[in-house]
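Next come the chains, spelled out residue by residue.
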Amino acid sequence: MRSLSKILFKRPQLWLSRALPTLGQKSLFKYSANSNNFQNSKLKTIPLQNYKVDESEIDSKLEPTDFCLFSSIQPIFPNNSMNCQIKIGNLKRITKPLLYSIISPDNGEIFTIGIALSKSVEKNLNAELKLLEQRDANGNILINDPMSNTFNLDIISRQKNYRFKIIKIEMTPDGIFAQGIPYKDRPLTQAEQIIDIQHEIRMVSSLVQQIRKLAQYDRVEVFSEVKYSLLDSSEKLTPNQVDELVFQIASGLSKLLTNNLKMNTSNFVQQLLESQTYIDRLFILRKQLENMSGVLDLVNKHFKEADSSLLKLHQQTLAKLATEFIRQNYLKEAAQSQSQGGQGGTQQYGGDKQSSLVKKYYDKLSLINDESSKDKVKREIDRFSLLDKQSSEFHKINSYLDEVFSIPFQKFTPVQWDIQFAKDVLDKEIEGLEKVKDRIIEMISVNKLKNAGQKAKGFILLLNGPPGTGKTSIAKSIAKALKRTSRFISCAGVADPTFFKGHKRTYVDSMPGVFIRELIKSNTMNPVFILDELDKVSKHHSGGADPYYTLLEILNPEENHNFTDHYMDISVDFSHVIFILTSNDTLQMLEPLKNRLETIDIQAYIQEEKLSIATNFLVNKSIESNGINPQMIKYDEQALTKIIKAWCYQESGVRELKRCLEKIARKHATNLLTTNPNLCDKVDELNQIIFDPTSQCLDLTKDQNLELISQYLGPPIFDIQLEQRSVKKFPPGQVNILTVGGMIGHVLTVESCFDPSEQEKKGQILSSGNIKSVLQESLKLAKINAFKYLNEEQKQKLSTSAIHMHFTEGATPKDGPSAGTAITTALLSLIMNVVVPSNLGMTGEISLNGQVCKIGGLQQKLIAAKTLDIVDIILPYANLGEALNLPHQLIKGLNLYFVTDYRQIYELIFEQQIANNNYTINKIKNGVYETDQNGFKEQTQCSSNY
């Protein structure tokens, strides 16, 4: 392995620029532990010139001491001898104690906290100075070139009270002198007193051992001066012992950085000196050891990985060269004999030289119709025939060829274009949804007329609707009606495009996409693919390609006959596959993809449809799935209707209804075993439990007041609201609004009243109920339109009063252009003191000129209105065509009024008659379309498929 020291300890700038940013760009000498004193602190420095500190900074109680001041960039440590180079200048004798200060590497100034040196250093320095003495003719002492005289001395600090704060500096021809006051530790805080010092010592010991191990890889010895008996001691250390240990380890770390990495450690050492508790010093040291350990570990790891990668690359290169040499020299004759055998080189493969596996591949080659794909696969077979079994390429190509010939190229499921059979299956398994059934019957009819046979073209159908409306079940029923094999593919949460189109073969563990895999599993070229939750496909997290783009090819009827998977890299015909897609909301889907799909919108189930589904499917299934005989629980239409209205009102599908029925069955099963512990002992010949219908049957047909059902399902959720709406009489200013929240219709009310507490806001309409910007604009339009129908007195009343309008269910944000007519009606009702019936609702936006605009979600709104017994509904005339296509069961019992202008609403509500004017009122009453114009009524029975 390449020596780490050659790069790590000889070129530190090479790895520090790479390793340190990886460690979160932490400064190597920045203390950031939990100490408040040194967290993100900047050490103070002073220039080396005549200096005196401000009076406010001096502790007057401490007596200053005179010193001889020395300074150097080389840091020293208390109680640790350190060789240091010192310039003496004009100094001839040491007459005062020595104070050593470190020079800052940032600005060349000295730090304010210095270290008082031992008297032995003073003695040794005086001895060196004496050797340099020279005398002139008069006997005066001279110094040879005093500015160039330097000494390399081993200097050491005092044993105790060695830190002094410099308060004064005096520059003289004989040297630099300073005054300093003692710099002592502060008392520990309560938080610091509870710190586990032994735990911190163990952490430091672990880091020391780790750095020693990493440095020993390159024969670098560190921390040789540390007293390991003290470091590994299990006894509690005194503050002096902790300080001694801290400075010993810091000295070893400083030598490692200075001698091997040529780095300055002055800031790190000075932080230790200026800290005012031994706990702070321990934290600073630990943080520095963690940084150094992380750097060494990272660099060592990277170079190990680089060396192993180079070795692996070298071995792979040798293996490839050897394989190519064998192929070109020893297998040359075998390849030539194979290419000459038989007609065209692909017909005859006999003898011992041809393996049975290769022969099998060549025999299946004729199944591929596309010539370019056939040539590509043939080349892969030729390569495979020349490979040695021990080669890695042998297994890769073998797996690829197995996948290719697993595709059922010429296999088709026999289909029978039996229209009556398809109708019977669809009617039996699908309730309602005539559009879906008609589309399947149309496809069968067209293929029967064309005599298409087994290779009939498929189609692509998107079923879009709320959750729980049976979209996936419909897709399975379509496959059953067509007598085709179906495969289920869930698209929810897919964020990688390779899920659909596979990985390229250059990647490790590459595999085909899901379409090829499912085609292989179906073992036919004309299955039914059910792509569930298509709108839940996610974006690529790393900013790559959108998975929706990979679906444009296969979900395009004009292009999917030539689908190319990244792994297979050959053309596969998907034009015979029937794709049934499901989604809840197409707004998030790619627009070009939606344009390629035939979409059928599946609306929320109405009450009659839920009742039919429960009667025909859910009741027996829920009872039998819980181990009870279907005869042991009795339902009738009235009981099921009560369950739907009271517990399943805000559900678009039937999942909650199914859960309610299963809950009743489970609780009844529990009651049976509670009252009859030995019930399971009585079984018939088929090992089925024998029930007693007379005493063990749950009869819900007699539950008129929901008392029995409430024992199983709990208190009713929605029946109270229904009861209030049916008997409540609205005051003036209150109107029902039909809205859509999510995928479910709702009936809200807008309430209005005069607000005498807001006298300063006369003529304004105040609002509440968590409404957004579009509804705020509707309030302004409503006020403008309301003025047209008021007399002078009413206009004066509106202008001199503040009106407050509240939209119920304030916790739900509300927005959208469908409440303008209701707001205008509520405003007129309040001012004119006219009551709007509580069984009347409306929806529609109003323009500045009073025209009523088209709305969306008509079926959901009518379902909500009918559930709450709102029978008179005012709708925009632009929605008349949509209303004529609604199920007959839904509009039966409703009176739908279609208006083009708000004046028609005004005449219907406030004049309670249709005046003889040019306006036309179109309505659907109990399934009959009527037109009232100029007093004449024309009736037409709706002829659409209700």
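Sequence positions are assigned chain by chain, starting from 1 and proceeding in written order. In keeping with the model being predicted, local features are shown solely for residues with a pLDDT of at least 70 and side-chain atom pairs are shown and tallied solely at 80 or more, while totals for entire chains, interfaces and linings include all residues. The basis for every side-chain value is the complete set of heavy atoms in the structure, and neither hydrogens nor water enter the calculation.

Under an unreviewed UniProt entry, the name given to the protein chain is Lon proteolytic domain-containing protein, and the source organism is Paramecium sonneborni.

(A) Seen up close, the packing of aromatic side chains. In this scheme Phe, Tyr and Trp rings, the latter by its six-membered ring, pair at centre separations within 6.5 Å, and the angle between planes marks the pair as stacked below 30 degrees, edge-to-face above 60, and tilted otherwise. Considering all chains together, one arrives at 17 aromatic pairs under this definition. Between Phe-500 and Phe-515 the ring centres are 5.7 Å apart and the planes differ by 25 degrees, which places this aromatic pair in the stacked class. One end of the pair, Phe-500, is in helix α17 (residues 498-501); the other, Phe-515, is in helix α18 (residues 514-522), with 15 residues separating them in the sequence. Phe-500 sits in the buried class, given a relative accessible area of 0%. Each residue is assigned to one of three classes by its accessible area relative to the maximum for its type, calculated with a 1.4 Å probe on protein chains only: buried under 20%, partly exposed between the two thresholds, exposed over 50%. Using a relative accessible area of 1% as the deciding quantity, one classes Phe-515 as buried. Taken together, Phe-499, Phe-500, Phe-515, Phe-529, Phe-563, Phe-574 and Phe-579 form an aromatic cluster joined through their ring pairs. By definition here, charges over rings are those cases where NZ of Lys or CZ of Arg is within 6 Å of the ring centre and within 35 degrees of the ring normal. The side chain of Lys-483 reaches across the aromatic face of Phe-421, ending 4.5 Å from its centre. Think of it this way: any DSSP run of H or I at least four residues long counts as a helix, any run of E at least two long counts as a strand, and we number them from the N terminus.

(B) Up close: the pattern of salt bridges. Criterion for a salt bridge: a side-chain nitrogen of Lys or Arg within 4 Å of a carboxyl oxygen of Asp or Glu. Evaluated as defined, the whole model comprises 24 salt bridges. Between Asp-427 and Lys-437 there is a salt bridge whose closest N-O contact spans 3.2 Å. Linking Asp-427 in helix α14 (residues 419-429) with Lys-437 in helix α15 (residues 434-450), this pair joins segments that are 10 residues apart in sequence. Overall, Asp-427 belongs to the partly exposed group, its relative accessible area being 47%. Taking the relative accessible area as the measure of exposure, Lys-437 reaches 7% and is therefore buried. Several salt bridges share partner residues, and in doing so they unite Arg-163, Asp-185, Asp-243 and Arg-281 into one network.

(C) Spotlight on the UniProt feature "active site" (unreviewed entry) in the protein chain. UniProt positions are given in the numbering used here, feature names are shortened, and annotations may be inferred rather than shown by experiment. Mapped onto this numbering, the UniProt entry annotates "active site" (unreviewed entry) at Ser-818 and Lys-861. Spanning 44 residues, the named residues nonetheless gather at one spot, since no C-alpha pair among them exceeds 11.1 Å. The topology assignment puts Ser-818 in the loop between β25 (803-807) and α28 (820-832). Residue class for Ser-818 comes out buried when judged on its relative accessible area of 15%. In this analysis, two residues are considered to be in contact whenever any of their non-hydrogen atoms come within 4.5 Å of each other. Not counting residues up to four positions away in its chain, the partners in contact with Ser-818 are Ile-737, Leu-738, Thr-843, Gly-844, Glu-845, Ile-855 and Lys-861. The residue Lys-861 is located in helix α29 (residues 858-867) in this model. The class for Lys-861 is buried, based on a relative accessible area of 3%. Ignoring sequence-local partners within four residues, the contact set of Lys-861 consists of Leu-738, Thr-739, Val-740, Gly-745, Ser-818, Thr-843, Ile-855 and Gly-856.

(D) Structural view of unusual backbone geometry. Positive phi is not limited to glycine here, since Asp-509 has a value of about 60 degrees. Looking at where Asp-509 falls in the secondary structure, it is placed in the loop between α17 and α18. Of note in this structure, Glu-533 is not a glycine but carries a positive phi near 55 degrees. With respect to the secondary-structure elements, Glu-533 resides in the loop between β15 (528-532) and α19 (547-554). Judged by relative accessible area, Glu-533 falls into the partly exposed class, the value being 23%.

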